[in-house]
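An overview of the molecular structure
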Amino acid sequence: MHLSEQNLPPASPRHIGIIMDGNNRWAKQRGMGGGSGHKAGVEKIRAVLKACREHKVEVLTLFAFSSENWRRPPREVEALMSLFYSYLRREARKLSEEGVALRVIGRRDRFSPKLQDAIAEAEAIAHQGEATLVIAADYGGRWDIAQASKKLAEKLQAGEISADQIDEESLHQHTCLADLPELDLLIRTGGEIRISNFLLWQCSYSELYFSDCLWPDFGPEQVDAAVNDFYQRQRRFGKTSEQVLAEQA
């Protein structure tokens, strides 16, 4: 059962990130090729996004393809690129109609011109909404931080800022998701307990939730379980429990 609006606590997560793991294992368990697992995983996005919106989540960021995933077998990479292209072409207008903005973060220069055009077109179609779906493709947390550092270095070299103006906030403003709410909850499916270079800067104070459920089997009930677990956490941000309770009184 989904939580009703009346029962939602005030500290609902505004931004959830998900490492969608387990597609290949899901397919192997069923005697299917890896491509079938990735295809089933793509089909889960709509249901998970809907469940997140029922919890008043404003931003859902999905780890679709990491910087390291280029090391996978060429046929699997090709299948992933084809699925990504098909998803963009099929879903952009639906997202727009449902009030969901689409954003793709990560490098784009290693994608084919056809895929780069599809990304730009999809973002143009679903350019605004009450909620935002972020797809991280050819993305890495270290890359994100390095790109932000490079932009600051360029400003410093151009004399636009001084070294004294470089701090955590100025670096944050140059990361991929700087204009969106802070990451509250990071979920990883598939049973692995690591964050695999995903949103390293953004997850510094996010709650971590690891699920044994393989991504193609991850649905609304699993979203509910993760969010309900989030509600049980006390988020202290460096303060003591007593300070947090006093502030809530």
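Let me sum up the structure you'll find in this document. Remember, it's a predicted structure, so these values are computed and weren't measured experimentally.

The next subject is the overall build of the protein chain. Helix and strand counts for the protein chain come out as eight helices and six strands. Listed N to C, the secondary structure of the protein chain is β-α-α-β-α-β-α-β-α-α-β-β-α-α in terms of helices and strands. For a compact globule of 249 residues, the expected C-alpha radius of gyration is about 18 Å, and the protein chain comes in at 19 Å, within 12% of that figure. For the protein chain, the C-alpha atoms occupy an extent of roughly 55 × 55 × 35 Å along the three principal directions. Scored against the burial criterion, the 249 residues of the protein chain give a buried share of 46%. A separation of at least 24 residues holds for 76% of the contacts in the protein chain among residues at least 6 apart in sequence. Just so you have it, the protein chain exposes about 13,400 Å², and 49% of that area is on carbon and sulfur atoms.

A full pass over the atoms with the stated rule returns 19 salt bridges. Put simply, Glu192 and Arg194 hold a salt bridge, and the shortest N to O gap is 3.2 Å. According to the relative accessible area criterion, Glu192 is partly exposed, its value standing at 27%. Salt bridges here are not isolated pairs; linked through shared partners, they connect Glu43, Arg46, Arg90, Glu91, Lys94 and Glu98.

Among the nine residues in strand 4 (residues 131–139), nine count as buried, and that is most of the element. Pairing geometry for strand 2 (residues 59–66) and strand 4, over seven bridges, is parallel. In the strand pairing of strand 4, Val59 is matched with Thr132. Here six bridges tie strand 3 (residues 100–105) to strand 4, and the two strands are oriented parallel to one another. Within strand 4, the position partnered with Leu102 by the bridge is Leu133.

At a closest axis distance of 10 Å, the pairing of helix 2 (residues 34–54) and helix 3 (residues 74–97) adopts a crossing angle of 25 degrees. By the angle between their directions, the pair helix 2 and helix 3 is classed as roughly parallel. Between helix 2 and helix 3 the crossing geometry is right-handed. Contacts between helix 2 and helix 3 involve Gly35, His38, Lys39, Val42, Glu43, Ile45, Arg46 and Leu49 on the former and, on the latter, Glu76, Leu80, Leu83, Tyr87, Arg90, Glu91, Lys94 and Leu95. Residue composition of the contact of helix 2 with helix 3, grouped by class: seven nonpolar, two polar and seven charged.

What follows deals with the environment of Glu130. Turning to its location among the elements, Glu130 is positioned in the loop between helix 4 (113–125) and strand 4. As a C-alpha pair, Glu130 and Glu91 span 39 residues in sequence and 17 Å in three-dimensional space. Contacts of Glu130, omitting those with residues within four sequence positions, involve Arg53 and Gly99.

Before going further, it helps to spend a moment on the packing of aromatic side chains. Note on aromatic pairs: each is described by the distance of the centres and the angle between the planes. Per the counting criterion, the structure on display carries nine aromatic pairs. A network of ring pairs unites the aromatic residues Phe63, Tyr139, Trp143 and Phe198 as a single cluster.

Glancing now at the sheet that holds strand 6 (residues 207–210). Taken in spatial order, the six strands of this open sheet run 3-4-2-1-5-6, and their pairing is parallel. Edge strands, defined here as strands with exactly one partner in the open sheet, are strand 3 and strand 6. The mean inter-strand angle of the sheet, taken between neighbouring strand axes irrespective of direction, is 20 degrees. As paired strands, strand 5 (residues 185–188) and strand 6 are joined by four bridges and run parallel to one another. Counted as the bridge partner of Ile187 is Tyr209 from strand 6.

Here we take up a nonpolar patch on the surface. There is a patch of nonpolar side chains on the surface, built from Ile193, Leu208 and Phe210 and spanning about 280 Å² of accessible area. On the secondary structure map, Phe210 appears in strand 6. Residue Phe210 is classed as partly exposed on the basis of its relative accessible area, which comes to 31%.

Here is what the cut-offs are and how they apply
Residues numbered from 1 in each chain as written. Predicted model: local features only at pLDDT ≥ 70, side-chain atom pairs only at ≥ 80, totals over all residues. Heavy atoms only, no water. Helix = DSSP H or I, 4+ residues; strand = E, 2+ residues; numbered from the N terminus. Rg over C-alpha atoms; globule rule 2.2 N^0.38 Å. Buried < 20%, exposed > 50% of the residue type's maximum accessible area, 1.4 Å probe, protein only. Contact = heavy atoms within 4.5 Å. Areas by Shrake-Rupley, 256 points an atom, 1.4 Å probe, with all protein chains shown as cover. Salt bridge = Lys/Arg side-chain N within 4 Å of Asp/Glu carboxyl O. Pairing = 2+ DSSP bridges. Axes fitted to C-alpha atoms, helices over the stretch in contact; angles between N-to-C directions. Parallel < 35°, antiparallel > 145°, perpendicular 65-115°, else oblique. Left-handed = near helix turned anticlockwise from the far one by under 90°. Nonpolar A, V, L, I, M, F, W, Y, C, P; charged D, E, K, R; others polar. Phe/Tyr/Trp six-rings, centres within 6.5 Å; stacked < 30°, edge-to-face > 60°. Patch = residues over 30% accessible without salt bridge, like charges linked within 9 Å, V, L, I, M, F, W, Y side chains within 5 Å.

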